[in-house]
Amino acid sequence: MTTIGHFINGRTITPQGRSQSVYNPATGNAEKSVLLASKTTVEEAITHAQTAFADWRNTPVSKRARVMFKFKHLLEENAQHITALIGQEHGKISHDAAGELQRGIENVEFACAAPHLLKGEHSKNVGPSIDSWSEFQPLGVVTGITPFNFPAMVPLWMFPLAIVCGNTFVLKPSERDPSCAMYLAQLLKEAGLPDGIFNVVNGDKEAVDVLLSDERIKAVSFVGSTPIAEYIYTTANTNAKRCQALGGAKNHAIVMPDADMDNAVNQLLGAAFGSSGERCMALSVVVAVGDEAADQLVSKMQAAMSELKVGSYQDASNDFGPLITKQHKQRVEAFITSAERQGAKIVVDGRNIQVDGYSDGFFIGATLIDSVTPIMESYQAEIFGPVLQVVRVDNMQQGMQLIDDHEYGNGTCIFTRDGEAARYFSDHIQVGMVGINVPLPVPVAYHSFGGWKRSLFGDLHAYGPDGVRFYTKRKTITQRWPSSGVREGASFSFPS
Ligand code: NAD
């Protein structure tokens, strides 16, 4: 069985210690094992990153960017290998994994613009012979702690930008699908990144807690579930670290009576069931305005769902694959059962699905639940599975109130032909990322990604312009070069 170790100072190490199985979710078999880093291993990674920082911060930014150009090419050249690794450990079908990788590569492209992004701000003659400028300096060693559901894209949100800004990095990927991060580390080395600048430690809470407490770590980027995001943010702040911690979601789509219903159904299918609903931007609740729209939507969804193909990542004709673990599959099934018990109507039931040749895989079929109400557990929690719930309301205002009252505020969408309604919705809704007839409004790499309310703890969103600010600290320098012979006397009033 393959053992996945850690990547520290430019090489893979496999020290003795605790380990955990890595499953192929389609077969249900433990096919690899991953080492879980001890305190000593994490500290070793931090020490190498700290040592590498001294030279890297002084390396010209164009040289740092050049490594990212090469890295982008290597990601493209090796895309098939990366998507296969994602498939084996996450279960994502190759077309979906390719989309994830492409969104990651776009963040590398953004990072290539570092010479422009880090130019700073300059003001000449702010006073007699006085010039002033702000420059953006790297922080030092920074860390990223990432979730299982985007093993390539979410790390790529973080380390290319952090590194190109002059920082060094320790990544702690999800222990459930760790191979992708290890492979990205190899490609970065191949791209010419000097040893020690990018390190990967695999592990669990033990490794994370070392990263959160070691004073050499200056900033923490986290993406994962809300309870852990809150813990990471609170602990990092207590330890005086900069932190952005992105959490879970419950994304609602409002379907207005005037919407193009066939288009809305197509969009909802992909956004609710793509990647088995294991996306923080998945649309998991559809709020139908008026019973007529709701009835039409439910019957069209039901018909369209009968065509969906569920199976292994190896068959590109599948629409989506299995869930990440057996425990998670059971949790999702329990939410469907609980909705049923609390009075909702199961229109399409994905429990007990059989996938030919994969009887032990962690599969659940696409599930549609109608007449869900806000008091139901399945409505309140993030299910993170291929389950779409329909809530019926009388008007848009009621739908917006539901969204605003929910603890999460990651993404949302409205399907309508009415520009006035769409504009009112996007202006007032208390959610960080809004789509208008766009079901997954994931911002492109040159904007920034982040939710509101309990979907994000921190002030700056991930990647894009906010990412540059997150991974740098501003220094403002004011200088005077008086003409020779000009001397000023002492002044005791505040300089103005
Ligand atoms: P998770 O919170 O279980 O794990 C995320 C990371 O935290 C992993 O690296 C894990 O090892 C670590 N971790 C887990 N428990 C910990 C603990 N007790 N102490 C310290 N570290 C711990 O999340 P997951 O199941 O891997 O990912 C799914 C979740 O991530 C969903 O809630 C999803 O919405 C969220 N997510 C959010 C975004 C976003 O941008 N907002 C993006 C992707 C995923």
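Residues numbered from 1 in each chain as written. Predicted model: local features only at pLDDT ≥ 70, side-chain atom pairs only at ≥ 80, totals over all residues. Heavy atoms only, no water.

Caption draft 1: Spotlight on the nonpolar core. In terms of nonpolar packing, the biggest core is built from 70 residues, with Phe71, Ile82, Trp157, Ile163, Phe169 and Phe198 touching the most fellow members. For this core, the element with the most residues is helix α6 (residues 153-164), which contributes 10 residues. When residues of this core are assigned to domains, at least three fall in each of domain 1 (2-247 + 455-477) and domain 2 (251-436). Discounting chain neighbours no more than four positions away, the residues touching Ile163 are Trp56, Arg64, Met68, Phe169, Leu188, Leu193, Ile197 and Phe198. With 34 residues, the next largest nonpolar core counts Ala259, Ala288, Val310 and Val355 among its residues. (Core = buried A, V, L, I, M, F, W, Y, C linked by side-chain atoms within 4.5 Å. Buried < 20%, exposed > 50% of the residue type's maximum accessible area, 1.4 Å probe, protein only. Helix = DSSP H or I, 4+ residues; strand = E, 2+ residues; numbered from the N terminus. Domains from an automatic or database assignment. Contact = heavy atoms within 4.5 Å.)

Caption draft 2: The pairing of strand β4 (residues 19-24), seen in detail. For β4 and strand β5 (residues 29-35), the ladder comprises 6 bridges, and the chain directions are antiparallel. Note that in β5 the partner of Val22 across the bridge is Lys32. From the end of β4 to the start of β5, which pair antiparallel, there are 4 residues, and Gly28 there has a positive phi angle of about 80 degrees. (Pairing = 2+ DSSP bridges.)

Caption draft 3: Region of the structure containing the domain arrangement of the protein. We note that the domain assignment places domain 1 (2-247 + 455-477) and domain 2 (251-436) within the protein. One C-alpha centre belongs to domain 1, the other to domain 2; they are set 31 Å apart. In this assembly, 23 residues from domain 1 lie in contact with 26 residues from domain 2. Summed over both sides, the interface between domain 1 and domain 2 buries roughly 2,000 Å², with carbon and sulfur atoms accounting for 62% of that surface. A per-residue breakdown of the area domain 1 buries against domain 2 is headed by Ala26, Ile93 and Ser455, which together make up 26% of the total. Taken together, the links from domain 1 to domain 2 amount to 1 salt bridge. The shortest N-O distance in the salt bridge between Arg279 and Asp96 comes to 2.9 Å. In this structure, the connection of domain 1 to domain 2 is made through 7 residue pairs in polar contact (both at pLDDT 80 or more). (Buried area = accessible area lost by both parts, 1.4 Å probe. Salt bridge = Lys/Arg side-chain N within 4 Å of Asp/Glu carboxyl O. Polar contact = N/O pair within 3.5 Å; in protein donor to acceptor, adjacent residues only side chain to side chain.)

Caption draft 4: Summary view of a positive patch on the surface. Residues Arg57, Lys218, Arg242, Lys473 and Lys475 make up a contiguous surface patch of positive charge. Structurally, the position occupied by Arg57 is in helix α1 (residues 39-58). Of the residues examined, Arg57 reaches a relative accessible area of 33% and is grouped as partly exposed. (Patch = residues over 30% accessible without salt bridge, like charges linked within 9 Å, V, L, I, M, F, W, Y side chains within 5 Å. Areas by Shrake-Rupley, 256 points an atom, 1.4 Å probe, with all protein chains shown as cover. Lys, Arg positive; Asp, Glu negative; His and termini not counted. Charge placed at Lys NZ, Arg CZ, Asp CG, Glu CD.)

Caption draft 5: The packing of helix α4 (residues 94-111) against α6, seen in detail. One can describe the packing of α4 onto α6 by two numbers: an axis separation of 8 Å at closest approach and a directional angle of 10 degrees. With respect to α6, the axis of α4 lies roughly parallel. Seen from α4, the contacting residues are Glu100, Leu101, Arg103, Gly104, Ile105, Asn107, Val108, Phe110 and Ala111; seen from α6, they are Met153, Leu156, Trp157, Pro160, Leu161 and Val164. (Axes fitted to C-alpha atoms, helices over the stretch in contact; angles between N-to-C directions. Parallel < 35°, antiparallel > 145°, perpendicular 65-115°, else oblique.)

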